[in-house]
Structure formats: structure tokens, C-alpha cells
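Observations on the three-dimensional arrangement
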Amino acid sequence: MNIVVLDGYALNPGDLSWEAFEALGNLTVYDRTPPELVAERIRGAEIVYTNKTILNREIIENADALAFIGVLATGVNVVDLDAAHERGIPVANVPAYSTPSVAQMTISLLLELCLHVGDHSRLVHEGEWTASPDFCFWRYPLIELEGKTLGIIGLGSIGRAVAKIASAFGMRVIAYRGHGEGVEMRTLNELLAEADIISLHCPLTADNRHMINAESIALMKKGAFLINTARGPLVDEAALADALTTGHIAGAAVDVVSSEPIRADNPLLSAPNCIITPHIAWAPYAARVRLMDIAANNLKAFLAGNPVNVVNP
């Protein structure tokens, strides 16, 4: 049984072990695989794992030995699910492994938008507090969260975890799509109009690409915040940059962008009041341990004839 991992470095830069996979077959792990080498590297492999390396229809149709595709993530938009289904190849993802980590990152970004901890620490180190005539100073508005309304788009496991933390801060939580105890459900337009902070926690689909665009931004409160720890293409970045420039959106914090690594011409890089982190919400050690364990268990279940976490039934 030949097992190929096409892009294992992000999951395991050296602090985890592949031994659970090694016990199941002949394992080859590539740190990264450029598109032109995918077909060659999976030739003869029955099992292929990918994180962000694309497995399109052509690749899948020509991988004669391929019997199982594992995605080292929750999102599966990198795999042509229809092509895999037509060949009878199950595609298994890793759900819910990062829920605590992404919820933590979401709230961290929100707190940074509200208090600018990093900016104020930088200013202190640059000498501004030493030179201040007062016992304190601030260069940005300081915002208290109690009583604010958080609008969650996508009330799945991560959205519910974020809602729980927000409620502990005394925030009112509303949501679009999903379900959760103590959360008021709204239509999308109602949520956009009511929320002081909007946080995205939905998967990327053909229907919701650029769901945050000039039209939806116009429905938001002037001075609202936007947080995206889900998928970059959910947001029309040019429209968001324009709204940040005009001040209609007071601040944004994103851990994901439309093309990753971020392109030098991404309009958010020059937009005011925009925090950008390099897609790290999923990556704390504990979350990666869970991911590795679930991915290995997915393969064990497939080999035992009882596939789990299959996304293309």
C-alpha cells in the first residue's frame, strides 16, 4: 500500500510524527508539491493526502491506482469531489479538530481591533510613554465589548464556540445559518444591519464566494468590524479595502485571504485599520496533533472497509 502526502510541512514542520501512517503502508511525505509534479508523485499511490495541493479532475482521472483521498484540513475545495465520486474514490476530511484554536484566534483578533495591544506596546517601546506628560496615553479608540452585538455567519462548531466566548464578555450574539442555544437567528440582511461585529465561520461554496461585497457592506452599520477566520474568497477584498478607506468599516481582521501566500498587490495590505495574520488560526500544536490523529484514523477506517468523515458519498 503506497501512501503519498503531497504537502505535509504545514501540518508537520518537524514537531509531530508520521508513524501512524508509516504503520499502514509505504509512506512518502513531500513538504510541498508544485502543480506540475502532482501527477508524477501520486503515480502508483493508492492513498493520497493533500492539504492545499489541488487535485483536479484531470489529476484524479489519470491516477490509475488511486483508491482514497485524505484532506489534511476541514475544507475540501482543493479536491474535485465529483471526479472522485465518479471513480468511486472516497474523499475524507478532518472536521472539528481546530474548533478551540480558531475560536481563540477569532476572539484574539477582535480584542486586537478593540484595544490595539500590539500597536500600543510598539509605541511604548518606541519611547512615547517615556515622553508622555501623563500617566497614560492611547493612540487609537479603546472599545468595550459588553453590550455589543456579534453577528456570526455560519453557526457550526467554531461559530458556537465563538458565541460562547462572546457571551461571556456580555455580548449579544445573533447568527445566520446553523443553530446554537441562546443565539438569535437572523436572515443575512438582518444580521448585516444589526451587528456591531461580523465574524465569518462558514465553508466556501460556489454560492457564497464574495458574499461580503460592496452591496452587503453597504447594509452594515457604519463603524462595524469584520473578522474572517474562515476562507479568503468569502470576501471581495477590493470592496472591503474601499470600505476601510472611507471609514464605513472601522476595522477588519483576517487570517485568510483570496490567494495564499498573500500577493503583494492585495488591496488589504494598504488598507487602513486592517489586521492580517498568515492563516495560523488552525495551527497551534494541540490542534495539529488532533488533525494528525483524525487523518490517520480516517485511513484506518477506510482500510477496515468502514470509511468515516467522507464528504463525497
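In case you missed it, the structure is sitting above this.
First, a word on scope: everything that follows refers to the structure included in this document. Remember, it's a predicted structure, so these values are computed and weren't measured experimentally.

Some thoughts on the nonpolar core
Core analysis: the largest hydrophobic core is formed by 30 residues, its most contacted members being Ile153, Ile198, Leu200, Ile212 and Leu240. Looking at this core, the elements that each hand over two or more residues are strand E7 (172–178), helix H8 (188–194), strand E9 (197–200), helix H10 (237–246) and strand E11 (249–254). Looking at this core element by element, the count peaks at 5 residues for H10. The contact partners of isoleucine 212, leaving out residues within four places of it in the chain, are Ile153, Leu192, Leu200, Ile217, Met220, Leu226, Leu234, Val235 and Asp236. Core analysis: the second largest hydrophobic core is formed by 24 residues, Leu109, Ala163, Val173 and Ala175 among them.

Regarding the pairing of strand E6 (residues 149–155)
E6 sits mainly inside the fold: 7 of its 7 residues count as buried. Summarising the sheet, E6 and E7 pair through 6 bridges and their orientation is parallel. For leucine 155, the partnering residue across the bridge sits in E7 and is glycine 178. What joins E6 to E7 is helix H7 (residues 157–168), and the crossover it makes is right-handed. Pairing analysis gives 4 bridges linking E6 to E9, with the strands arranged parallel. Bridge pairing in E9 links leucine 150 to isoleucine 197.

A word on the packing of aromatic side chains
Taken as a whole and assessed by the stated rule, the structure comprises 4 aromatic pairs. Look at tryptophan 18 and phenylalanine 21: their rings are 5.6 Å apart centre to centre, the planes differ by 65°, and that puts the pair in the edge-to-face class. Residue tryptophan 18 shares its accessibility class with phenylalanine 21, and that shared class is buried. Following the ring pairs from residue to residue traces out a cluster consisting of Trp18, Phe21, Tyr49, Phe68 and Phe302. One Lys or Arg, arginine 32, reaches over the ring of tyrosine 9 and ends 4.6 Å from the middle of that ring.

Things to note about the sheet that holds strand E10 (residues 224–228)
Read across the sheet, 7 strands follow the order E8-E7-E6-E9-E10-E11-E12 without closing on themselves; strand pairing throughout is parallel. Looking at strand neighbours, the two that pair on one side only are strand E8 (184–185) and strand E12 (274–276), the edges of this open sheet. Two strands pair when backbone bridges link them, and E11 and E12 are joined in this way by 3 bridges, in the parallel orientation. In the strand pairing of E12, valine 254 is matched with isoleucine 276. In this fold H7 packs onto E6 and E7, with an angle of close to 165° to the strand it touches most, E6. Lying on the sheet, H10 is in contact with E10, E11 and E12; it crosses E11 at an angle near 140°.

Brief notes about the state of the cysteines
By the definition in use, this model includes 0 disulfides. With no disulfide of its own, cysteine 114 has cysteine 274 as its nearest cysteine by sulfur position, at a separation of 15 Å. Residue cysteine 274 is classed as buried on the basis of its relative accessible area of 17%.

Overview of the pairing of strand E4 (residues 68–71)
Residue alternation in E4 divides its side chains into two sets, Phe68 and Gly70 and Ile69 and Val71, and both sets are buried. Here strand E3 (residues 47–50) pairs with E4 via 4 bridges, running parallel. Pairing of isoleucine 47 across the sheet is with phenylalanine 68, part of E4. At this point the chain moves from E3, through helix H3 (residues 57–62), to the parallel E4, and the crossover so formed is right-handed.

Focus on the environment of glycine 8
Relative to the helices and strands, glycine 8 resides in the loop between strand E1 (2–5) and helix H1 (19–22). Spatially, the C-alpha atoms of glycine 8 and lysine 52 are 9.7 Å apart, while their sequence positions differ by 44 residues.

Rules used throughout
Residues numbered from 1 in each chain as written. Predicted model: local features only at pLDDT ≥ 70, side-chain atom pairs only at ≥ 80, totals over all residues. Heavy atoms only, no water. Core = buried A, V, L, I, M, F, W, Y, C linked by side-chain atoms within 4.5 Å. Buried < 20%, exposed > 50% of the residue type's maximum accessible area, 1.4 Å probe, protein only. Helix = DSSP H or I, 4+ residues; strand = E, 2+ residues; numbered from the N terminus. Contact = heavy atoms within 4.5 Å. Pairing = 2+ DSSP bridges. Right-handed = clockwise from strand over helix to strand, strands pointing away. Phe/Tyr/Trp six-rings, centres within 6.5 Å; stacked < 30°, edge-to-face > 60°. Lys NZ or Arg CZ within 6 Å of the ring centre and 35° of its normal. Axes fitted to C-alpha atoms, helices over the stretch in contact; angles between N-to-C directions. Disulfide = S-S within 2.5 Å.

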